[in-house]
Amino acid sequence: MANVLKHLPELEGMELGYIQGILKNMDDEQANLFAQVYRARRKDSQMILILTLLGFFGFAGLHRFILGQIGLGILYLFTIGLCFIGTIVDLVNYKSLAYEYNMKVAHETLSLMSNGFDVVFPKKNTDTNE
Amino acid sequence: MKIPFELYFWCLALIAIAFIEVGTEAHFSLCPLHNLGANWCPGCGLGRSMKLFMTGEFKASWEMHPLGGFGLLVIGFRIIEIIKHIKTTRNYG
């Protein structure tokens, strides 16, 4: 049982609760590895907010590129954020955009750990048998 | 279960676009630039273009705005992605 506040103190809100849900099945060593990989790969919601704000100066959709949604990024870029409407919506919504991306990263990290590092993550098999 | 705001937005946008009547003069516009008095911006005609694409008039759609069909596809994929995301995050959280 690892505590999220000890390993990833910078998280807040929904993300904090979600990562705690993942970490509660791990011991401290596993949680440490998870925290290192997750911290390196997650996107900060403040960066998403700033990139969204750039949409008002003609560079719309940069946040969509950063979040891996290339198609929407191109659409936003060539239509100045769907005539600003898309930019304004994403300005309201930037936290859930970052949250969604970070959840994907968390699941990726989990599957990386359970596939490639069986030595580090031995509890996986016993957990699934229960 | 909470339905994400973005899912509402894209679905409502597609429904609203499906009800656009192309060709009527002085159409109703949500665009903030248009309402401020600008005559043209790079996104002008995107909604009408999507509507034309939905009804199968691909050539007219391309002439209205080249990104109409592309945008429709991308938004469709995005809606599917959001629904998938709801399903995967239900386990923890």
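Before reading on, note that the structure itself is shown above.
Quick caveat, the model's predicted, so the values are computed rather than measured.

Enquirer: What is the right way to look at the overall build of chain A in this model?
Expert: Within chain A one finds nine helices and zero strands. Listing each helix as α and each strand as β along chain A from the N terminus yields α-α-α-α-α-α-α-α-α. Split into buried and exposed, the 130 residues of chain A put 37% on the buried side. The long-range fraction of contacts in chain A, counting pairs at least 24 apart against all pairs at least 6 apart in sequence, stands at 57%.

Enquirer: Looking at this structure, how should I read the nonpolar core?
Expert: Taken as a class, soluble globular proteins show a tendency for nonpolar side chains to be buried jointly. One finds L8, I19, L23, A31, F34, L97 and A98 of chain A to be the most contacted residues of the largest nonpolar core, which totals 22 residues. Looking at this core, the elements with two or more residues in it are α2 (13-23), α3 (28-41), α4 (45-53) and α8 (85-116) of chain A. Sorting elements by how many residues they give to this core places α8 of chain A first, with seven residues. In this view, L23 of chain A contacts A2, V4, H7, A31 and F34 of chain A; residues no more than four positions away in its chain are not counted. Among the nonpolar cores identified, the runner-up in size contains 18 residues, and A60 and C83 of chain A together with L46 and I75 of chain B belong to it.

Enquirer: Explain the interface of chain A and chain B here, please?
Expert: Accessible area lost during the coming together of the parts is what is often quoted as the interface size. If you look at the interface, chain A gives 21 residues, while chain B gives 23 residues. Going through the elements one at a time, α2, α6 (70-78), α7 (80-83) and α8 of chain A are the ones with two or more residues in the side of chain A that touches chain B. Among the elements that take part in the side of chain A that touches chain B, α8 of chain A stands out by supplying seven residues, more than any other. Here the residues of the side of chain A that touches chain B sort into 12 nonpolar, eight polar and one charged.

Enquirer: Please explain unusual backbone geometry as it appears in this structure.
Expert: Note: most peptide bonds trans; most residues except glycine with negative phi. All names here are of chain A. Unusually for a residue other than glycine, I80 sits at a positive phi of about 30°. On the basis of neighbour count, I80 is assigned to the buried category, with 22 C-beta atoms found within 10 Å. Unusually for a residue other than glycine, C83 sits at a positive phi of about 55°. Mapped onto the secondary structure, C83 falls in helix α7. The exposure class of C83 is buried, given the 23 C-beta atoms found within 10 Å.

Enquirer: Looking at this structure, how should I read the environment of I80 of chain A?
Expert: With respect to the helices and strands, I80 of chain A occurs in helix α7. It is 5.3 Å that separates the C-alpha atoms of I80 of chain A and A60 of chain A, two residues lying 20 residues apart in sequence. Excluding anything up to four places from it in sequence, I80 of chain A contacts G58 and A60 of chain A together with C41, P42 and G43 of chain B.

Enquirer: Whenever I open this one, the packing of helix α1 (residues 5-18) of chain B against helix α5 (residues 68-88) of chain B confuses me. Can you help?
Expert: All names here are of chain B. Two elements in contact, α1 and α5, have axes whose closest approach is 10 Å; the angle formed by their N-to-C orientations is 145°. Seen along the crossing, α1 lies across α5 with a hand that is left-handed. Residue-level contacts link E6, L7, W10, C11 and L14 of α1 to I75, R78, I79 and I82 of α5. Each residue belonging to the contact of α1 with α5 can be placed in one class, and the counts come to seven nonpolar, no polar and two charged.

Rules used in this analysis
Residues numbered from 1 in each chain as written. Chains lettered and ligands numbered in written order. Predicted model: local features only at pLDDT ≥ 70, side-chain atom pairs only at ≥ 80, totals over all residues. Helix = DSSP H or I, 4+ residues; strand = E, 2+ residues; numbered from the N terminus. Buried ≥ 20, exposed ≤ 12 C-beta atoms within 10 Å, placed from the backbone. Contact = placed C-beta atoms within 7 Å. Core = buried A, V, L, I, M, F, W, Y, C linked by C-beta atoms within 7 Å. Nonpolar A, V, L, I, M, F, W, Y, C, P; charged D, E, K, R; others polar. Axes fitted to C-alpha atoms, helices over the stretch in contact; angles between N-to-C directions. Left-handed = near helix turned anticlockwise from the far one by under 90°.

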